[in-house]
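Fold and contact review
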Amino acid sequence: MESRLNRTRLAIAFATLAIASPLTASPASAQRFISPVRVDTTVALGSNGTLSVSVYSGEVNVAGASGSGVHIRGTAERDELEIVGRSSIVSVSSEPDGGRGGRADLEITVPIGTRVILEGFSSPFTVRGTKGEVRLQTLSGKLTVSDAVGSVRVETVSGDVDVSNVDGSVHTEGVSSLVTLTGITGDIDGASVNGDFRVTRTGSKSVRVETVSGSIGYFGMFDPTGNYAFKSHSGKVTLGLPADAGATVSLQTFSGNVDSDFPVTLESGRSRMGHE
C-alpha cells in the first residue's frame, strides 16, 4: 500500500547550526535537517487535490499557478516540519517543540482548482487565485481569500477577515474581527460577538449576518426571491438599496432608531420585547 504513495517527509530537528538545502520529492523518503532551515521543495498533486497546512505560528501565503505540483518554500524554526505528498493530498504540518511554539513562514503555489485548508494558532493566512474551495482557521492573525470557487469557510477569534471575488458561498465566524466581504455570488452566513461586517458588491440571494455589539453594513443586490437577515443587539445596521428597489423589510430594535432615505409604508407589528 505504501509503495503506491508518492510520499515525501521533511523532518526538521533543532540545534544551533543553520542550514539551507533545496529538496525534491521522492517516494517514501525521509530526511532530517538541523534547524533553522530553509525549505524549497516541489511535490506532485493530482487534479482537484487538497493542500492541508497546520502550523503553530508564522505567515502562510498560498497562490494558484499552472502546473501539477505544489511548490513549498520558506523557513521554519524550533519545530519539526513534515511534508507528506500523496496523489490527492499534500500535507504540511509543524509541531511545537516541547510545548514551545515555533514559527514557519511559507510561500506555497498550488495547481488551479486545489482545495486549500490552513490551520494555525497565531498565524496570518492568505489564499489568492486558487479557484477552489478554501477553509481557514486561526486564533489570531488576518485571514485573506480572493478568487476562490465553491465553499469558503473562515474562522478566527481576533484576526480581521477579508474575502473577495468568490464564485460560491462564504461562511465566517469570529469574536472581535472586522469582516469585509466583496464580490460574493453565493450564500453568505456570518456570525460574530463584537466584530463588524461590511458586505459590498454581492450577488447573493441568501444573506444572514449576525453580531452582538458590532455594526453591519450591506451594500449589495436584493433579489426579489432572496432571503436577507441582519441582526445586531447594540450595533448599527446600514442597508444600501438601489434607488428603484422594491422590498419588504422587517426591522426590530430594542433601544435604537430606524431611519430611511426612502419613502416607506410602516406596518405595526407586535413584539414581546422592544419595537418592531
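For the structure, check the block above.
Below you will find a few notes about this structure. (Residues numbered from 1 in each chain as written. Predicted model: local features only at pLDDT ≥ 70, side-chain atom pairs only at ≥ 80, totals over all residues. Heavy atoms only, no water.)

1. A short note on the overall build of the protein chain
In plain terms, the rule: Counting from the N terminus, the helices are DSSP H or I runs at least four residues long and the strands are E runs at least two residues long. Exposure categories follow from relative accessible area, calculated using a 1.4 Å probe and restricted to protein chains: below 20% of the type maximum is buried, above 50% is exposed, and the middle band is partly exposed. When checking whether two residues touch, look at their non-hydrogen atoms; a contact exists if any pair is within 4.5 Å. Note that accessible areas follow from Shrake-Rupley with a 1.4 Å probe, and for residues the cover is restricted to the protein chains shown.
Scanning the protein chain from terminus to terminus reveals zero helices and 22 strands. A total of 276 residues make up the protein chain; the buried ones form 39% of that total. Restricting to contacts in the protein chain with at least 6 residues of sequence separation, those with at least 24 account for 33%. When the accessible area of the protein chain is evaluated, it comes to approximately 14600 Å², of which 48% is carbon and sulfur surface.

2. As for the pattern of salt bridges
Pairing between side chains of opposite charge can happen when their charged atoms approach one another. As a reminder of what qualifies: Any carboxyl oxygen of Asp or Glu within 4 Å of a side-chain nitrogen of Lys or Arg constitutes a salt bridge here.
Scanning the model with the defined rule gives seven salt bridges in all. R208 serves as the salt-bridge partner of D189, at 2.4 Å between the closest nitrogen and oxygen. Within this pair, whereas D189 is found in strand β17 (residues 188-192), its partner R208 is found in strand β19 (residues 206-211), the two being separated by 19 residues in sequence. In this structure D189 comes out as partly exposed when scored by relative accessible area, which is 24%. With its nearest N and O atoms 3.1 Å apart, the salt bridge here joins R208 to E210. Here the residues in one salt-bridge network are R153, E155 and E173, joined through shared partners.

3. Re unusual backbone geometry
One can expect most non-glycine residues to show negative phi and most peptide bonds to be in trans. The backbone phi angle of K131 is positive, close to 60 degrees, even though this residue is not glycine. Mapped onto the elements, K131 comes out in the loop between β10 (125-128) and β11 (134-138). By relative accessible area, K131 is classed as partly exposed at 42%.

4. Some remarks on empty space enclosed by the protein
Here is the rule: Both cavities and pockets are sets of points on a 1 Å grid over the protein atoms alone; in a cavity a 1.4 Å probe fits but cannot get out, in a pocket the set is open with protein on both sides within 12 Å along at least five of seven lines, and lining residues sit with an atom within 4 Å of a point. Grid points are joined across faces, edges and corners, and a volume is the space filled by probe spheres set on the points. Residue polarity is assigned by list, with Asp, Glu, Lys and Arg as charged and Ala, Val, Leu, Ile, Met, Phe, Trp, Tyr, Cys and Pro as nonpolar; anything else, Gly included, falls into the polar class.
In this structure the tally under the stated criterion is two cavities of 30 Å³ or more. Here the second largest cavity is characterised by a volume of approximately 30 Å³. Forming the walls of the second largest cavity are V161, T172, E173, G174, S177, V179, A191, S192 and F197. Mapped onto the lining of the second largest cavity, the elements with two or more residues apiece are β15 (170-173) and β17. Here the residues of the lining of the second largest cavity sort into four nonpolar, four polar and one charged.

5. Quick look at the pairing of strand β13 (residues 152-156)
To be explicit about the condition: When DSSP finds at least two bridges between two strands, those strands are taken to pair.
For β13, the buried fraction is high: four of the five residues fall into the buried class. By the bridge criterion, five bridges tie β11 to β13 in an arrangement that is parallel. Paired with T138 across the strands is T156, a residue of β13. Relative to β15, β13 runs parallel, the two being bridged by four bridges. Bridging across to β15, V154 finds its partner in T172.

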